[in-house]
Amino acid sequence: MSIEQKDVEKVLKLSELNVSDEEKKELHGQMSRILGYMEKINELDLKDIEPTSYSNTVPTFLRKDEETRTSISLQNNAPHWENNAFGVPSILGG
Amino acid sequence: MEFESVIGLEVHVQLKTKSKAFCSCPNEFGRQPNTNVCPTCLGMPGALPVLNEMVAKMAVRAGLAINCDIQNRSVFSRKNYFYPDMPKNYQITQFEFPVCLGGHMDLIQNKKRIGITRIHIEEDAGKLVHQGAEGVSGSTGSLVDLNRASVPLIEIVSEPDFRTAAEAREYFEMLHEIVMYIGVCDGNLEEGSLRCDANVSLRPVGQKEFGTRAEVKNLNSFRSVERAIQHEIKRQKLILLDGGTVVQETRHFDDATQTTHSLRGKADAHDYRYFPEPDLIPLVLSDAQIDEERQAMPELPLAKRKRYSSELGLSDFEVKVIIGDMDMNTYFEKANELLVTAKLSVTAKETAKWIVGDFNSFLKETSDDFGNTKVSPEELLSLLSLKEQGKISGKIAKDVLKQMIETGKTAKSIVDASGSTQISDEGALQSIVDDVLAANQAVVEKIKNGKTAAAGFLMGQVMKESKGRAKPDVVKDMILKSILG
């Protein structure tokens, strides 16, 4: 599986990242190498292996349904704070 | 050309937990913005989510109520998107391995089985208040309230089995009732506790393949589900008849204009890049845990309906009203239980009649409801018993109930204080009867001439003189006996 320039563009767009053409080339190379590495898995015989999305097998831990109120100062973390809410710029871009 | 509409519904149900899905912030509506937040639901780096046990239980309970296969293992995923309502830039949801698969629900009125595809657990997003415009378009900025971020939801996805808007509406109504009765949701539509998206497409009658669908969002009432689907069917029909093609897109239903409009200008295919949430381990539920929920399952509305009408003899109207109001239902259930255990002569039917009728309308004149009324089910029953034993008349019972609702006093104390017990003692009534007969000689003559129906007038007079306390059948006998001997 190889990655093309347009795939790189798509990933950048989905990630809302803006990079220079030079960086794009560099990223293209890096992403190709990652996929190439993954290709090695396809060379193995995985017929009897279940797909794994988690490598650890700890038992399910669930939290009791109890509420606690945390008091944190949000103003200091927000560039724009108004009426006790985070202010964000126009979402659709003006 | 004749078209057939194909509709599927996705219903988001807000779970009635004390705390949020993945952190212990309170899950409550209507607080001051950003007061129910912590580093986890704010998506701060390093904060780790842990699933709320009650969320898993409620999801299982909902699944069992609509005949799903509960999965012993389900997995959380990240659904990635950029929007300020979710500061993490992803929503934790379940994608490939949801907690419930394959169920069904039977519509009563439309007599049809609707397939359930799946139920998955996810977190709600925060709330945006757009500035300078009604909606997001044209706004100069938005204020973000994250109290709702990470509030637990289950999304119930149906098969595309609906063919009419009415079927979809009935399903939504029934689902609303079920989630309330199994105690997983408060059912408050105004507060958005249940939200529905509808996938609507049209195809020529006889065609097997589905047409292109549009997804209509923002359906928060039974009526809007029906209206939005009706409008969408009409809109797509016009396009198809005109030789055009329906665009696959998300549309927003506007309650004010009763129309839908496109939410996104471009047909920008979603690419949420789902992947397993590395911060959460899979949810593993043992058969014993699932069984525990099955055992704890309360009586479902459908079974309740059947019991009320066939065992208790309630009318369709009474059943509808008593099931439609959870507080009233709890009240009625308590009263009915007491009836049985105390072996009272009052019937469930009679109790239902009073609860649905006078009690309900008197309550509406106050700020109380069946959840907090000053009249306990025990007291209602003692009132109805007094009436049943002939100690007070139906009319007086009504007046007493009204006072009980207003003051919280017991039926007995009100009746005793007002001396309004029914008089069935002939001695006590005789003088009133005599006075009435003396004052209405013309009527007495009529009765003597065989017009016994005229006794009704005299009875009315006696009732009036006794201030409603005379026992009607006793009075009637006395009148006829006095005149005819």
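Now for the domain arrangement of chain B. According to the domain assignment, chain B contains domain 1 (3–288), domain 2 (299–418) and domain 3 (426–484). Using only C-alpha atoms to locate each centre, domain 1 of chain B and domain 3 of chain B end up separated by 68 Å.

Residues and elements named next belong to chain B. By the criterion of burial, strand β1 (residues 3–14) is predominantly enclosed, with 11 of the 12 residues buried. In terms of strand pairing, β1 meets strand β11 (residues 194–204) through 11 bridges, oriented antiparallel. Bridged to glutamate 4 within β11 is arginine 203. Relative to strand β10 (residues 152–158), β1 runs antiparallel, the two sharing 5 bridges. The residue of β10 that forms the bridge with glutamine 14 is leucine 153.

Listed by partner, the interface residues are 56 residues for chain B and 36 residues for chain A. Where chain B abuts chain A, roughly 3600 Å² becomes buried across the two surfaces, and 57% of that area is made up of carbon and sulfur atoms. If you sort the residues of chain B by the area they bury against chain A, Glu53(B), Leu143(B) and Ile281(B) come out on top, with a joint share of 16%. Counting the contacts that link chain B with chain A gives 3 salt bridges. Measuring nitrogen to oxygen at the nearest pair gives 3.3 Å for the salt bridge that ties Lys64(A) to Glu53(B). For the interface between chain B and chain A, the tally reads 22 residue pairs in polar contact (both at pLDDT 80 or more). Of all the elements in the fold, those that place two or more residues in the side of chain B that touches chain A are α1 (53–65), β8 (127–131), β9 (141–145) and β16 (283–284) of chain B. Classifying every residue of the side of chain B that touches chain A gives 31 nonpolar, 15 polar and 10 charged. With 4 bridges joining them, strand β2 (residues 85–89) of chain A and β9(B) adopt antiparallel strand pairing. Bridge pairing in β9(B) links Val88(A) to Ser142(B).

All names here are of chain B. Between helix α13 (residues 441–448) and helix α14 (residues 455–465), the least distance of the axes is 9 Å, while the angle of their chain directions is 140 degrees. Considered as vectors, α13 and α14 are oriented oblique to each other. Packed against α13, whose contacting residues are Val443, Val444 and Ile447, the element α14 presents Ala455, Phe457 and Leu458 at the interface.

Let's shift gears to the packing of aromatic side chains. Residues and elements named next belong to chain B. One pass over the full model with this rule turns up 10 aromatic pairs over all chains. Relative to phenylalanine 370, the ring of tyrosine 331 has its centre 5.3 Å away and its plane inclined at 65 degrees; by these criteria the two rings are edge-to-face. With tyrosine 331 in helix α7 (residues 326–342) and phenylalanine 370 in the loop between α8 (348–364) and α9 (377–388), the pair connects residues that are 39 residues apart, well separated along the chain. Residues tyrosine 331 and phenylalanine 370 agree in their burial class; the two are buried. An aromatic cluster is defined as three or more aromatic residues linked by ring pairs; in this entry it consists of Phe95, Tyr272 and Tyr274.

Residue and element names in this part refer to chain B. Throughout the structure, instances matching the rule amount to 42 salt bridges over all chains. Notably, a salt bridge pairs lysine 353 with glutamate 350, separated by 3.9 Å at the nearest N-O pair. On the criterion of helical spacing, the pair formed by lysine 353 and glutamate 350 is a turn pair, its members being 3 residues apart in helix α8. Judged by its relative accessible area of 46%, lysine 353 falls in the partly exposed class. Lysine 402 serves as the salt-bridge partner of glutamate 365, at 3.5 Å between the closest nitrogen and oxygen.

Glancing now at the sheet that holds β8(B). Across a sheet, strands are paired by hydrogen bonds formed along the backbone, either parallel or antiparallel in direction. With respect to topology, 4 strands assemble into an open sheet ordered β1(A)-β2(A)-β9(B)-β8(B), the strand pairing being antiparallel. In this open sheet, the two edge strands, each paired with only one partner strand, are β1 (81–82) of chain A together with β8 of chain B.

A separate point is helix α10 (residues 394–407) of chain B. Residue and element names in this part refer to chain B. Here α10 is 14 residues long and its end C-alpha atoms lie 20 Å apart, about the 20 Å a rise of 1.5 Å per residue gives. Residues of α10 that are buried include every one of Ile396, Ala397, Val400, Leu401, Met404 and Ile405, and no others. The secondary structure elements touched by the buried residues of α10 are α8, α9 and α11 (411–418). Just downstream of α10, glycine 408 is the residue with a positive phi angle, here 80 degrees.

So, how was this worked out
Residues numbered from 1 in each chain as written. Chains lettered and ligands numbered in written order. Predicted model: local features only at pLDDT ≥ 70, side-chain atom pairs only at ≥ 80, totals over all residues. Heavy atoms only, no water. Domains from an automatic or database assignment. Buried < 20%, exposed > 50% of the residue type's maximum accessible area, 1.4 Å probe, protein only. Helix = DSSP H or I, 4+ residues; strand = E, 2+ residues; numbered from the N terminus. Pairing = 2+ DSSP bridges. Contact = heavy atoms within 4.5 Å. Buried area = accessible area lost by both parts, 1.4 Å probe. Salt bridge = Lys/Arg side-chain N within 4 Å of Asp/Glu carboxyl O. Polar contact = N/O pair within 3.5 Å; in protein donor to acceptor, adjacent residues only side chain to side chain. Nonpolar A, V, L, I, M, F, W, Y, C, P; charged D, E, K, R; others polar. Axes fitted to C-alpha atoms, helices over the stretch in contact; angles between N-to-C directions. Parallel < 35°, antiparallel > 145°, perpendicular 65-115°, else oblique. Phe/Tyr/Trp six-rings, centres within 6.5 Å; stacked < 30°, edge-to-face > 60°. Expected span 1.5 Å × (residues − 1).

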